[in-house]
Amino acid sequence: MSESNIMLKVEHISKSFENVHAVNDLSFNIKKGEIYGLLGPNGAGKTTTIKMILGLLEPNEGNIDVLGLHPERDEVELKNRIGYVSEEPLIYKSLTPKELFNFIASIRKLQGERVSEKLAQYLDSLGAVEYYERLISTLSRGNKQKIQIIAAILHDPELLIMDEPLAGLDAKSVKVVKEILELHTQRGGSVLFSTHIMEVAEDLCDRIGIVNQGKLVADGTIDELREKAQKLGPDYDLEDIFLKLTDQDESVNEIIEKLRATMNGNHK
Ligand SMILES: Nc1ncnc2c1ncn2[C@@H]1O[C@H](COP(=O)(O)OP(=O)(O)OP(=O)(O)O)[C@@H](O)[C@H]1O
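Keep in mind the model is a prediction, meaning the values are calculated, not measured.

Parameters at a glance
- Residues numbered from 1 in each chain as written.
- Predicted model: local features only at pLDDT ≥ 70, side-chain atom pairs only at ≥ 80, totals over all residues.
- Heavy atoms only, no water.
- Helix = DSSP H or I, 4+ residues; strand = E, 2+ residues; numbered from the N terminus.
- Buried < 20%, exposed > 50% of the residue type's maximum accessible area, 1.4 Å probe, protein only.
- Contact = heavy atoms within 4.5 Å.
- Patch = residues over 30% accessible without salt bridge, like charges linked within 9 Å, V, L, I, M, F, W, Y side chains within 5 Å.
- Areas by Shrake-Rupley, 256 points an atom, 1.4 Å probe, with all protein chains shown as cover.
- Salt bridge = Lys/Arg side-chain N within 4 Å of Asp/Glu carboxyl O.
- Near = heavy atom within 4 Å.
- Polar contact = N/O pair within 3.5 Å; in protein donor to acceptor, adjacent residues only side chain to side chain.
- Nonpolar A, V, L, I, M, F, W, Y, C, P; charged D, E, K, R; others polar.
- Arc of directions from axis to C-beta.
- Core = buried A, V, L, I, M, F, W, Y, C linked by side-chain atoms within 4.5 Å.

**Things to note about the environment of Ile 161**
Part 1 of the reasoning: Along the chain, Ile 161 turns up in strand β6 (residues 159-163).
Part 2 of the reasoning: The exposure class assigned to Ile 161 is buried, which follows from its relative accessible area of 0%.
Part 3 of the reasoning: Dropping the residues within four chain positions of it, Ile 161 is found in contact with Ile 50, Ile 53, Leu 54, Ile 82, Gly 83, Tyr 84, Val 85 and Leu 192.

See the structure below:
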């Protein structure tokens, strides 16, 4: 694949907060039409990585190239060409979805029948029509998340960046969002998303980067990671390799044993 097909290039980035090494020498890239998942346990450094890609945090070291742009220097152009779904859907609480989409349409200069048709279709597919004119602050977490997803994708961004996008969504909405992402990549769009759930990454991603303690401990297609897992033993699957690479395999059993011992002790 040629260089021009690389939509995001992250090279050796690091970020520390006082004495916490949140991200440590992390590199990966995303190609055109690809869904790339950053998979890691809580606190692995996924959100910090995403914030550096968006220019919301400055890396201490390393380089980031997003669609040929610099995250901080080219902030305005970047905003027009990417879509972002944050971990916490807290934006524009004092508006209704209708007001929010009117606002987005005006700042992004989105007009015409095609945009209205797409918006109506997204709202309908995600069951959001019924709360279209209710204040966003009064919506449930999952319903706020749906509005945030539509807001991020309505302008057909070349790169969609999503931090735990399926958290809080019901099964039907998860299916619809997956379909929206598939259609987005079929049209040549790319997606970066973070998750701590292996099944979500396996189901959705063309490639996965496994992150642990700020480092990329594995990177590859599902098949490549599956091959890696099988090298560990005949019964190893993707979940096993994820748990092993993120040091969660043995520690969880120890934690459960200690928990049981303490709780049972308390009842004596
Ligand atoms: N502003 C900050 N100040 C201090 N430490 C921070 C800050 N932001 C993140 N960290 C620390 O950096 C590490 C990585 O956090 P980050 O939010 O990137 O992880 P994550 O992989 O997104 O986790 P989760 O799945 O729980 O959202 C954690 O130890 C976190 O406490």
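Having put the structure on the table, let's press on.
**Re a nonpolar patch on the surface**
Part 1 of the reasoning: Among the surface-exposed residues, Tyr 92, Phe 103 and Ile 107 lie close enough to one another that they form a single nonpolar patch of about 280 Å² accessible area.
Part 2 of the reasoning: As for its position among the elements, Phe 103 is in helix α3 (residues 97-107).
Part 3 of the reasoning: For Phe 103, a relative accessible area of 33% corresponds to the partly exposed category.

**Re the site of the ligand**
Part 1 of the reasoning: Around the ligand lies a shell of 13 residues, among which Gly 43, Lys 46, Thr 47, Thr 48 and Glu 87 are the nearest.
Part 2 of the reasoning: Here an oxygen atom of the ligand and a side-chain polar atom of Thr 47 are 2.8 Å apart.
Part 3 of the reasoning: One of the side-chain N or O atoms of Glu 87 is found 2.7 Å from an oxygen atom in the ligand.
Part 4 of the reasoning: Considering the ligand on its own, with 630 Å² of exposed area, one finds that the protein chains cover 60% of that surface.
Part 5 of the reasoning: No other element matches the 3 residues that helix α1 (residues 46-53) contributes to the shell around the ligand.
Part 6 of the reasoning: Here the residues of the shell around the ligand are counted per class, giving 5 nonpolar, 5 polar and 3 charged.

**Observations regarding helix α9 (residues 238-245)**
Part 1 of the reasoning: Of all the residues in α9, the buried ones are Leu 238, Ile 241 and Phe 242. Summarising the axial view, the buried residues of α9 lie within an arc of 100°, below the 170-degree limit, and thus occupy one face.
Part 2 of the reasoning: As for α9, its buried residues are in contact with β3 (35-39), α7 (198-204), β8 (207-212) and α8 (222-232).
Part 3 of the reasoning: Looking one or two residues past α9, Asp 247 carries a phi angle of roughly 55°, positive in sign.

**Some words on the environment of Gln 213**
Part 1 of the reasoning: Checked against the element boundaries, Gln 213 lands in the loop between β8 and β9 (215-221).
Part 2 of the reasoning: When neighbours within four sequence positions are excluded, Gln 213 is seen to be in contact with His 21, Ala 44 and Asp 247.

**Digging into the nonpolar core**
Part 1 of the reasoning: Phe 101, Ile 147, Met 162, Leu 181, Phe 193 and Ile 208 are the most contacted members of the largest nonpolar core, which has 50 residues in total.
Part 2 of the reasoning: Top element by residues in this core is helix α5 (residues 141-153). It accounts for 6 residues.
Part 3 of the reasoning: Leaving out residues up to four positions away in the same chain, Phe 193 has contacts with Ile 35, Tyr 36, Gly 37, Leu 38, Met 162, Pro 165, Val 200, Leu 204 and Cys 205.
Part 4 of the reasoning: Within the second largest apolar cluster, 27 residues are counted, among which are Leu 38, Met 52, Leu 67 and Ile 82.

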